[in-house]
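Observations on the three-dimensional arrangement
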There are 2 protein chains.
Amino acid sequence: MLRTHTCGELNLANLGETVTLCGWVQKSRDLGGTTFIDVRDRYGLTQLVLNEDTSSVIREKGRTLGREFVVKVTGTVLERTNKNLKMPTGEIEIAVNDIEIINASKIPPFMIEDETDGGEELRAKYRYLDLRRNPIRNNLMLRHKMAQEVRKYLDALNFIEVETPVLIKSTPEGARDFVVPSRMNPGEFYALPQSPQTFKQLLMVSGFDRYFQIVKCFRDEDLRADRQPEFTQIDCELAFIEQEDILNIFEGLTRHLFRTVKGIELNEFPRMQYADAMRLYGSDKPDRRFGMEFVELNGIMQGKGFSVFDNAELIVGINAKGCAEYTRKQLDELTEWLKRPQIGATGLIYCRYQADGTLKSSVDKFYGEDDLTNLAAAFNAEPGDLILILAGHSQKVRKQMNELRLEMGTRLGLRDKNTFAPLWVLDFPLLEWDEESGRYHAMHHPFTSPKPEDIAMLDTEPGEVRANAYDLVINGTEIGGGSIRIHDRGLQSLMFKHLGFSAEEAQKQFGFLMDAFEYGAPPHGGIAFGFDRLCSIFAGLDSIRDVIAFPKNNSGRDVMIDTPSTISEAQMNELKINTTV
Amino acid sequence: MLRTHTCGELNLANLGETVTLCGWVQKSRDLGGTTFIDVRDRYGLTQLVLNEDTSSVIREKGRTLGREFVVKVTGTVLERTNKNLKMPTGEIEIAVNDIEIINASKIPPFMIEDETDGGEELRAKYRYLDLRRNPIRNNLMLRHKMAQEVRKYLDALNFIEVETPVLIKSTPEGARDFVVPSRMNPGEFYALPQSPQTFKQLLMVSGFDRYFQIVKCFRDEDLRADRQPEFTQIDCELAFIEQEDILNIFEGLTRHLFRTVKGIELNEFPRMQYADAMRLYGSDKPDRRFGMEFVELNGIMQGKGFSVFDNAELIVGINAKGCAEYTRKQLDELTEWLKRPQIGATGLIYCRYQADGTLKSSVDKFYGEDDLTNLAAAFNAEPGDLILILAGHSQKVRKQMNELRLEMGTRLGLRDKNTFAPLWVLDFPLLEWDEESGRYHAMHHPFTSPKPEDIAMLDTEPGEVRANAYDLVINGTEIGGGSIRIHDRGLQSLMFKHLGFSAEEAQKQFGFLMDAFEYGAPPHGGIAFGFDRLCSIFAGLDSIRDVIAFPKNNSGRDVMIDTPSTISEAQMNELKINTTV
């Protein structure tokens, strides 16, 4: 080792010891006679002191050190006169005997500090410097700890980690695949997995009983703000279990992570039907750090001559506690916010429960005092509250109200990053109608089993069939989802039929799985957690980017290594492909 | 849970309990009045008994069960009369009260037994059935255990597991890349990593200090018997260390794995110079389970008129202990074996040290008794030994003799799979001459640092420059290799120059790394273990295929899912590529 200690471990117990440290110059303060230099490594920061007791050669050398120089320093551990009790090494300093400049540094393009002056693009280009900053490094250390704890927990429950292949087969179902031309099989392609779904099911057919994997997956989608073309899943599958077992085991995993990584003891996770989540929150992933549930108002508000409400499929409201003081300007601004194309509401109706006990709405001419009293009662509203109402097509208005609820939650400070509100959402629909292709798609994936009692509706009301599918939601973010799978060839064929596959297509793409079901497939089910997302929630971040060491930008580019990039003619010739740009 | 217990846990302590088991019918013996059925799961095998105490309906059902049917069985734990003490459940059996057939099975295409009748191709097609066999499942459980122990060991030493990207940049150095067309950046490609080399070095520049990752890597090479297009590495890198530290830490890892996974306590690993390994074993990965070192014989055998020897650059021999009794036929057969094109020797000279103490060689007319006595003395040969000699061009003859030595080791039973002989091979050459391209290539990779004292030879004798590079060899197989890296822009540029890169090419491909070296790069180095290979050695297998859940065949195909395969015109249009087949 080039050092005897790290920069994070020396304290009063080491007084008088001769030590050698290696690290980066964090900063240097030259006070004339004395120079203080902070040296940093992953483990901490240690203060060096060069003064009249230091040889003049070394003092001179100390003065030449710029920020981010890499140095090797030997010296004696002394007690500081000016102690800093906030840092573990804050009671000591090193009286320097020798400094070796291992590597100089140009002036970094941005400050290597917790709060940096570097813009996003600059930091992406110099990601290796951005990774030196404590907050980013801490995120990756948190991620490491979480992965270790996931493995510890699952290993103790007899789960086996099995690596499934990365070079697999392209299937048209689901999102777009990344493909890889095969040189040895010209004209043919591998695909990168969107998930190890079929492989983990085959492992159940093989009798592995309990499988997991922390695994990279890939989706070639247009990247929204917080998507990455490659992402990491905690992927799990179990045989001979029922839904209840999966909920218990993975609620256990989540609680284990909160306990061991964050020191937080969570209560039992509440559970909610998908239908209730949509009705009460307009979302299949409600943020339950706060209430503000939807109240449906058709009964109270229709038939009073207000045509907007009378013609609406759904009238729904929320109660923004204590917001009666909102000015007209604030309400106009909220209305404009709702009318933006991203949300698309046509207008906002409000009713103030004023401090004096009177009710005042923006549609007073249609509603009398009794009507408004009924309205307030529906929300258990109190003086000072503000009721916000949207109306229109049910599905759209629920989505809009979900956005409004979250916005009001944020404005009211009800979405604290250090509060964690987990929720299981159960009994998702099996199928969802896709306008574009004019057919039903699998809401989770084609391997999800319908509820046995709903199978009869597949022909008559496919949209009503419920699946044995569940999501784990924390603070309004889906962090995991899964289902009990089909393990029977007949039912799987039926599902493919309902998804618009011909028998030949189904056999060509998923024949291996359906064949496997004929050789003794056990009942099985599983779940997958979005590991990047889970880490970002633990780290209190809005984006997953800073829990990924080398993320890509919104165009799928790594600007640091400058990829994707062109390849040579020779490479393309060998692969027997051409670009058609 | 569908079961109360697994098939591997019931014993006399459970007598009288009513239990429910789930599993696969391993076999069924119908002895007229009594039917015995073995039910199998991952955890073991339990015997069911159906006899006159069983209801006739259930007995009839029991008779319908075929091999590999999936059943759920409820019954009472009884003591067996005919105990089988070789299996944990061998003292009990289950008197069956109820059987539910969860899933039937067609007759499997091969026997699901430890020794199967299925050929390689058939088993590959039905890999999910092959994975049911104990030996294969045990390999994957071993692999899981090894991965867990690797993480435990490295985590305890402050290593952080960081996931590096899979979609990276194609570089012409090294093996052929797999590439991935980018839809969002038409005409451009990602590449899949052959290793995370540059990223782990950047993590050192970032101050991560100690990194590891168990990670998939990819090489588009023509597959020899035991290569896979995707393979797994234990990838590690450390900063502020010297070669000695790396050897100690990873010798420690290897010993930890042998101790915890196999219960074997290994002695300190011997070390050997690359040059000595080549001289004594003709290989940079000598199998040290046995001696049979090379002895160079130019001094003894030249100048006696035997032109084959006189014209040879190198004459080298080994002593096959106790093989003096080899018949002429056996020696002819060995000679033919050596002459095959894979080895390419021109002939084999031998000298028998006969039981009566006399020496008899195949070139007796050129060598007198004294000569042969000197020859025998050079090997410390004894009566009963057989000296085998090859001559020719040094490099070729060493390779040939390496093959012969290994073959003789095998024939003499000196290569026991349960004996483990680790060896560090040190000080590899930095560069090796490539006939095809007519230039030097990096023997490890372009980031390996030359020994400082040898740098001066880069211009004069590039082939003689030694690198700070090391391999860990076990039983003749390289299981890990690494080096101290260059951390200085100037030296890295010099290396690229010697590898035939123009300054522009070097900057275009590796500019990000060389730039990073200018912002305070610490001294660093690392190692990567071939995890598949390591697992296969622990499992006592010759091939890595059976420590991989879903391997590909020699054409890079997964015959189970039938990939690679064609993709649709629409997909190619979206990706703006064409095939030119």
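Notes on the structure in this doc start here. In this text the structure is predicted, and so the values were computed from the model without any measurement. Residue indices begin from 1 for each chain and proceed along its sequence in written order. Chain labels run from A onward and ligand labels from 1 onward, assigned in the order the entries are written. Per-residue local features of the predicted model are confined to residues with pLDDT of at least 70, and side-chain atom pairs are confined, for both listing and counting, to 80 or more; whole-chain, interface and lining totals are unaffected and use all residues. In computing side-chain values, all of the structure's heavy atoms are included and hydrogens and water are not.

**Quick look at the pattern of salt bridges**
Applicable threshold: In the sections that follow, a salt bridge refers to a side-chain nitrogen of Lys or Arg positioned within 4 Å of a carboxyl oxygen of Asp or Glu. The secondary structure listing takes helices from DSSP runs of H or I that are at least 4 residues long and strands from runs of E that are at least 2 residues long, numbered from the N terminus. Type-normalised accessible area, obtained with a 1.4 Å probe on protein chains alone, sets the label of each residue: buried when under 20%, exposed when over 50%, and partly exposed for intermediate values.
According to the stated counting rule, one finds 103 salt bridges over all chains in the structure shown. Arg3(B) serves as the salt-bridge partner of Asp209(A), at 2.7 Å between the closest nitrogen and oxygen. Pair noted here: Asp209(A) is in the loop between helix H5 (197-205) and strand E9 (210-218) and Arg3(B) is in the segment before strand E1 (18-31), and the two residues belong to different chains. Across the pair, Arg3(B) and Asp209(A) agree in class, each one buried. Ionic pairing is found between Arg557(B) and Asp562(B), a salt bridge with its closest N-O pair at 3.0 Å. Here Arg557(B) falls in the buried class, since its relative accessible area comes to 16%.

**Points about the relation of the copies chain A and chain B**
Stated precisely, the cut-off is as follows: In this comparison the copies share one frame, found by least squares on the C-alpha atoms of residues holding pLDDT of at least 70 in both. Only heavy atoms matter for contacts: two residues are in contact if any of them lie within 4.5 Å across the pair.
Mapping chain A onto chain B calls for a screw motion: a turn of 180 degrees about the axis and a shift of 0.0 Å along it, with 0.1 Å RMSD after fitting. Both chain copies can therefore be described as sitting about a two-fold axis. By residue overlap, the copies meet face to face through one surface: 100% of the interface positions of chain A are interface positions in chain B.

**Digging into the interface of chain A and chain B**
Note the following rule: Buried area adds together the accessible area that both of two parts lose upon being put together, with accessible area traced by a 1.4 Å probe. Side-chain atoms alone can form a polar contact between residues adjacent in sequence; in general such a contact is a pair of N or O atoms within 3.5 Å, and within protein one must be able to donate a hydrogen while the other accepts it.
Facing 124 residues of chain A, the contacting portion of chain B comprises 124 residues. For the pair chain A and chain B, the summed buried surface comes to about 11200 Å²; carbon and sulfur atoms form 58% of the total. On the surface where chain A and chain B come into contact, there are 16 salt bridges. Joining chain A to chain B, the criterion identifies 75 residue pairs in polar contact (both at pLDDT 80 or more). Ranked by the residues each element gives to the side of chain A that touches chain B, the list is headed by helix H4 (residues 134-156) of chain A, at 8 residues.

**Quick look at empty space enclosed by the protein**
Rules: Definitions used for this entry: grid spacing 1 Å over protein atoms alone; cavity, a set of points where a 1.4 Å probe fits but cannot get out; pocket, an open set with protein on both sides within 12 Å along at least 5 of 7 lines; lining residue, one with an atom within 4 Å of a point. Grid points are joined across faces, edges and corners, and a volume is the space filled by probe spheres set on the points. We call Asp, Glu, Lys and Arg charged. Ala, Val, Leu, Ile, Met, Phe, Trp, Tyr, Cys and Pro are nonpolar, and the rest, Gly among them, are polar.
For the structure shown, the criterion picks out 7 cavities of 30 Å³ or more. Taken as a whole, the largest cavity spans an internal volume of roughly 490 Å³. Around the largest cavity, the lining is made up of 30 residues, and of these Ile214(A), Val215(A), Arg151(B), Ile214(B) and Val215(B) lie nearest the centre. Elements with a contribution of two residues or more to the lining of the largest cavity: H4 and E9 of chain A together with helix H4 (134-156) and strand E9 (210-218) of chain B. In the lining of the largest cavity, the residues fall into 12 nonpolar, 8 polar and 10 charged.

**Side note on the pairing of strand E16 (residues 386-392) of chain A**
All names here are of chain A. Quick reminder of the rule: For two strands to pair, DSSP has to find at least two bridges joining them.
For E16, a buried count of 7 out of 7 residues is recorded, marking the element as mostly surrounded by other parts of the structure. Residues Leu386, Leu388, Leu390 and Gly392 of E16 are buried on one face, and the alternating residues Ile387, Ile389 and Ala391, pointing to the opposite face, are buried as well. Where strand E13 (residues 314-320) lies against E16, 7 bridges are found, and the strand directions are antiparallel. Its bridge partner lying in E16, Ile315 is registered against Ala391. Examined bridge by bridge, strand E14 (residues 349-353) and E16 share 4 bridges and lie antiparallel to one another. Counted as the bridge partner of Tyr350 is Leu388 from E16.

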